[in-house]
Amino acid sequence: MAAPTGLFRRLLSTQFTGILSRIQGSSGPSFHQQRCRLSRTTNCYHEGASAGIDIGLPERKVSKRRFMREQTIELRKIKKNVELERAARRRTLLVPLDEVYEESSRSSGQFQTRRMAHHYGIFADLFDSADFLDVVPMTICYECSDGESVMPVYTGNVVTPTEACKAPSVSYDSTKDSLWTLMLTNPDGHLQDNQAEYIHWLVGNIPGDAVSDGDVLLDYLPPFPARGTGYHRLVYVLFQQNGKVDYSQETVSLPCTSLQDRTFSTLEFYRKYQDMITPAGLRFFQCRWDESVQGIYHNILNMREPVFEYDFPPTYLAPQKKWPHKKPLHYLEHFMPKE
């Protein structure tokens, strides 16, 4: 039996978005969320002077009258479908989750992505708390080692360095005469400066969604989160260009294996070209150390692998009480002199 479409995508898009956010964002933000504070006026995480400023493309608005008319037509079709009613009653109805996700991305997905990006501190660390809507949603998939399955990138799902060892396939809705800039940056991985980033991929002047035909300013570098530093955020940002941009100042010798040349600031990059580029799409994933990272340091970056250990603070011991009420007999052992 064919899977239902139409109204089911609309009815499930809102609920599916909430469920998807919990699945994709299973490992929440760590230190970067603690640096953000919740604004009582804007109801979003921010810490920069640019909080509340929208730097993206205009919101995709859908006519409410048209939406209600299409919804009514679809609902009438479904009520007349006897096989669909029988399958729902027998619990054999198949819901196309891919189509539900696409419908959610086109409707409420842009707002959900912005909320998730605020939650993970993406806007605070990359754009000084200025934000934008995911008007042009991207489909990003890493090909797995078996050659058959893929690992998609959503908004905070976990992707291992092994799965992200090669450049992914990126697609989005665009016209052939439009130009785009795609970047992949890591705001958590710099080894010397906590305020700096490492740029992993930068392609400019992309015609349509043909990323391979764009100008490769920095070739793809796999994620290399150092051991002991926890989860890192890897952020894809898609910029729409007003025309062809001269990126001659950003070019380096390829392949680029120098971490100094890959030290980057998304905010400075945007300020430099803000008259020509506009943020339009956003995707990000979380990544932590695995065994493949050692090969990236040794074979690609030609350096020793750094290892970090967390310095735990001493255990807090409350002052001794003269009359320890309801304390066990071994209470005084914590205050006995150690030999």
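Residues numbered from 1 in each chain as written. Predicted model: local features only at pLDDT ≥ 70, side-chain atom pairs only at ≥ 80, totals over all residues. Heavy atoms only, no water.

## Structural notes on the pattern of salt bridges
Then, in step 1: One pass over the full model with this rule turns up 8 salt bridges.
Then, in step 2: Measuring nitrogen to oxygen at the nearest pair gives 2.9 Å for the salt bridge that ties D219 to R262. Of this pair, D219 sits in the loop between β9 (215-218) and β10 (232-241) while R262 sits in the loop between β10 and β11 (263-264); the two residues are 43 residues apart in sequence, bridging distant segments of the chain.
Then, in step 3: Across the pair R271 and E268 runs a salt bridge whose closest N-O atoms are separated by 3.6 Å. Taken together, the positions of R271 and E268, both in helix α8 (residues 266-273) and 3 residues apart, correspond to about one turn of that helix.
Then, in step 4: Note on E268: relative accessible area 46%, which makes it partly exposed.
Then, in step 5: Here the residues in one salt-bridge network are D125, D188 and R233, joined through shared partners. (Salt bridge = Lys/Arg side-chain N within 4 Å of Asp/Glu carboxyl O. Helix = DSSP H or I, 4+ residues; strand = E, 2+ residues; numbered from the N terminus. Buried < 20%, exposed > 50% of the residue type's maximum accessible area, 1.4 Å probe, protein only.)

## Description of the pairing of strand β4 (residues 150-153)
Then, in step 1: Direction of pairing for strand β3 (residues 139-143) relative to β4: antiparallel, over a ladder of 4 bridges. Its bridge partner being in β4, I140 is matched across the sheet by V153.
Then, in step 2: Counting the residues in the hairpin turn of β3 and β4 gives 6 residues, including G147, whose phi is positive at 80°. (Pairing = 2+ DSSP bridges.)

## Some words on the environment of L94
Then, in step 1: Summarising the element assignment, L94 is placed in the loop between α4 (82-89) and α5 (97-106).
Then, in step 2: Taking the C-alpha atoms as reference, L94 lies 9.7 Å from L84; in sequence the two are 10 residues apart.

## What about the packing of aromatic side chains?
Then, in step 1: Evaluation of the coordinates by the stated rule reveals 16 aromatic pairs.
Then, in step 2: Seen in terms of ring centroids, Y310 and F312 are 4.7 Å apart; in terms of plane orientation they differ by 80°. Their pairing is edge-to-face.
Then, in step 3: We classify F312 as exposed; its relative accessible area is 64%.
Then, in step 4: Members of the aromatic cluster, joined through ring pairs, are F239, Y247, F264, F269 and Y273.
Then, in step 5: Taking NZ or CZ as reference, R227 lies 4.1 Å from the ring centre of W289, over its face.
Then, in step 6: The cationic tip of R288 hangs over the ring face of Y231; the distance from NZ or CZ to the ring centre is 5.0 Å. (Phe/Tyr/Trp six-rings, centres within 6.5 Å; stacked < 30°, edge-to-face > 60°. Lys NZ or Arg CZ within 6 Å of the ring centre and 35° of its normal.)

## Considering the side chain of R283
Then, in step 1: Along the chain, the position of R283 falls in strand β12 (residues 277-287).
Then, in step 2: Polar contacts involving the side chain of R283 include one to the main-chain carbonyl oxygen of M138, which spans 3.3 Å.
Then, in step 3: Leaving out residues up to four positions away in the same chain, R283 has contacts with Y101, T113, D134, P137, M138, I140, V153, Y154, L234, V235 and Y236. (Polar contact = N/O pair within 3.5 Å; in protein donor to acceptor, adjacent residues only side chain to side chain. Contact = heavy atoms within 4.5 Å.)

The analysis is restricted to geometry; functional conclusions fall outside its scope.
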